[in-house]
Amino acid sequence: MDFALSDEQRAIRDTARDFIAREVMPLEQELLRRERAHRPGLERGELRDLQLKARTFGFWGLATPEEYGGMDLPAITQSLIWTEIGRSYVPFRFGGEADNILFKANEEQRREFLLPTIEGERLSCFAITEPGAGSDAANIKLSARRDGGDWVLNGEKTFITGGHDADFAIVIAVTDPEKGARRGGATAFLVDRAMGWRSEFIQTMGEGGPAALVFEDVRVPERNILGEIGQGFTLGMEWIGKGRYTIPSHAIGIAERALRMAIDQANTRETFGRPIGENQAIQWMIADSETELEAARWLVLRAAWTVDQGMDPRHASSMCKLYAAGMVNRVVDRVLQIHGGMGYTRELPIERWYRQVRLYRIFEGTDEMQRLILSRDLLRGYTKIGGHLA
Ligand SMILES: Cc1cc2nc3c(=O)[nH]c(=O)nc-3n(C[C@H](O)[C@H](O)[C@H](O)COP(=O)(O)OP(=O)(O)OC[C@H]3O[C@@H](n4cnc5c(N)ncnc54)[C@H](O)[C@@H]3O)c2cc1C
């Protein structure tokens, strides 16, 4: 058993680390200033400029196949890079990416949707959640009714990340209510904003925010079906599956950076004539945080390894999503506590992380849904205790 990174993994990780430290972190103070003034922390154009700069260092399309100019990196390397991205609270991500399921596009859709998305010329969003169907995603109701050569969409999606800025939406709609979404009754559509859906921004406790998408008799041509008719639910689950190791990887970067801040604070802040780090209460918070962080790191790397091995990653991914989301919430809470009143101010990024990471326990499958999957797998004998080593 080898717990070391390969030379290549280390080199890519270190280059990403340098880029984030040199180009992204210097923007942090300005980001906090802008957000305090209720302005976007990073404009779309600024993100694009950073992405183009990163491209000159070779970072373009971490998961994108080489035939589209991407890096097509193994999941473990992607996970390491997402951890580096997580170290900065600037909402940066490398460019050259597209939703994983968009690669199912046919030739025409490739030109119209996939390639411009990879190039950053068009923004997509993915929409499955509805006001009446979140965890219970198979209960979606947004309907697509065939009318001549078109489909007519009616209904509402909600909490759609990037939905207020997107140029097009990947919408999972019910095409056969008799069958139900899970049994071939749902289909994925590529729907341009110009086709007539509208978005309403949703205020959340985090910066930025998702949107509700409203479809009233939105006419979509048959050629805009992504994949096959009836494949929508499967594609939706495939889209969600990707986030189950990238979100935890990001969480690890946040927790590492926050814990570093807590250690510095514990060594320098003095009360009663000595650094607060000399108190066991503070020491234990630091020790528990490091232990949980390390446990999350290995769960995430194991899930990514499972992907790279071509094994079914769902059980491992649910475990790392559940644990890392909880871990980052506990670590950030302790780091805030160690900073006392300053931790609660908007001068420091800690309260921002505190608001941001609360979401990690909710989106792409809540804690409870991950537990449901994990316990079901064990109760029905789909997996063994001890995973691939069992
Ligand atoms: C900021 C943000 C961004 C998002 N981005 C997207 C996006 O881009 N695209 C998209 O489609 N969706 C997106 N979502 C939606 C997200 O995936 C859902 O919010 C999530 O799946 C939970 O669904 P819900 O909010 O309807 O909660 P519900 O499903 O109503 O659940 C409410 C509570 O009940 C619990 N619960 C539900 N059923 C059970 C059960 N059987 N047993 C035990 N507990 C249960 C849940 O865990 C939760 O705690 C986003 C959400 C947010 C907040």
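What comes next is a walk through the structure. (Residues numbered from 1 in each chain as written. Predicted model: local features only at pLDDT ≥ 70, side-chain atom pairs only at ≥ 80, totals over all residues. Heavy atoms only, no water.)

**As for empty space enclosed by the protein**
Part 1 of the argument: Under the defined criterion, the tally for this structure stands at 1 cavity of 30 Å³ or more.
Part 2 of the argument: In this model, the largest cavity occupies a volume close to 40 Å³.
Part 3 of the argument: What lines the largest cavity is simply Leu32, Glu35, Arg36, Glu207, Arg346, Glu351, Arg352 and Arg355.
Part 4 of the argument: Of all the secondary structure elements, the ones that give two or more residues to the lining of the largest cavity are helix H2 (28–36) and helix H10 (350–358).
Part 5 of the argument: Among the residues forming the lining of the largest cavity, the class breakdown is 1 nonpolar, no polar and 7 charged. (1 Å grid on protein atoms, 1.4 Å probe; cavity = no way out; pocket = protein on both sides within 12 Å on 5 of 7 lines; lining within 4 Å. Points joined across faces, edges and corners; volume = space filled by probe spheres on them. Helix = DSSP H or I, 4+ residues; strand = E, 2+ residues; numbered from the N terminus. Nonpolar A, V, L, I, M, F, W, Y, C, P; charged D, E, K, R; others polar.)

**What about the nonpolar core?**
Part 1 of the argument: Membership of the largest hydrophobic core comes to 42 residues, with the highest contact counts inside it found for Met327, Val328, Trp353 and Tyr360.
Part 2 of the argument: For this core, the secondary-structure elements that each account for two or more residues are H2, helix H4 (75–86), helix H6 (232–268), helix H7 (280–308), helix H8 (314–338) and H10.
Part 3 of the argument: Residues within four places of tyrosine 360 in sequence aside, it is in contact with Ile247, His250, Ala251, Ile254, Lys321, Ala325 and Val328.
Part 4 of the argument: With 26 residues, the next largest nonpolar core counts Ile140, Ile172, Ala181 and Phe233 among its residues. (Core = buried A, V, L, I, M, F, W, Y, C linked by side-chain atoms within 4.5 Å. Buried < 20%, exposed > 50% of the residue type's maximum accessible area, 1.4 Å probe, protein only. Contact = heavy atoms within 4.5 Å.)

**Quick look at the site of the ligand**
Part 1 of the argument: Taken together, 17 residues lie around the ligand, and Thr129, Ser135, Phe159, Thr366 and Glu368 are the ones closest in.
Part 2 of the argument: A distance of 2.8 Å separates a nitrogen atom of the ligand from a polar atom in the backbone of phenylalanine 159.
Part 3 of the argument: For the ligand, whose unbound accessible area comes to 970 Å², protein coverage reaches 64%.
Part 4 of the argument: At the level of elements, strand S1 (124–127), strand S3 (150–160) and helix H11 (367–379) are the ones that each hand at least two residues to the shell around the ligand.
Part 5 of the argument: Residues that form the shell around the ligand fall into these classes: 10 nonpolar, 5 polar and 2 charged. (Near = heavy atom within 4 Å. Polar contact = N/O pair within 3.5 Å; in protein donor to acceptor, adjacent residues only side chain to side chain. Areas by Shrake-Rupley, 256 points an atom, 1.4 Å probe, with all protein chains shown as cover.)

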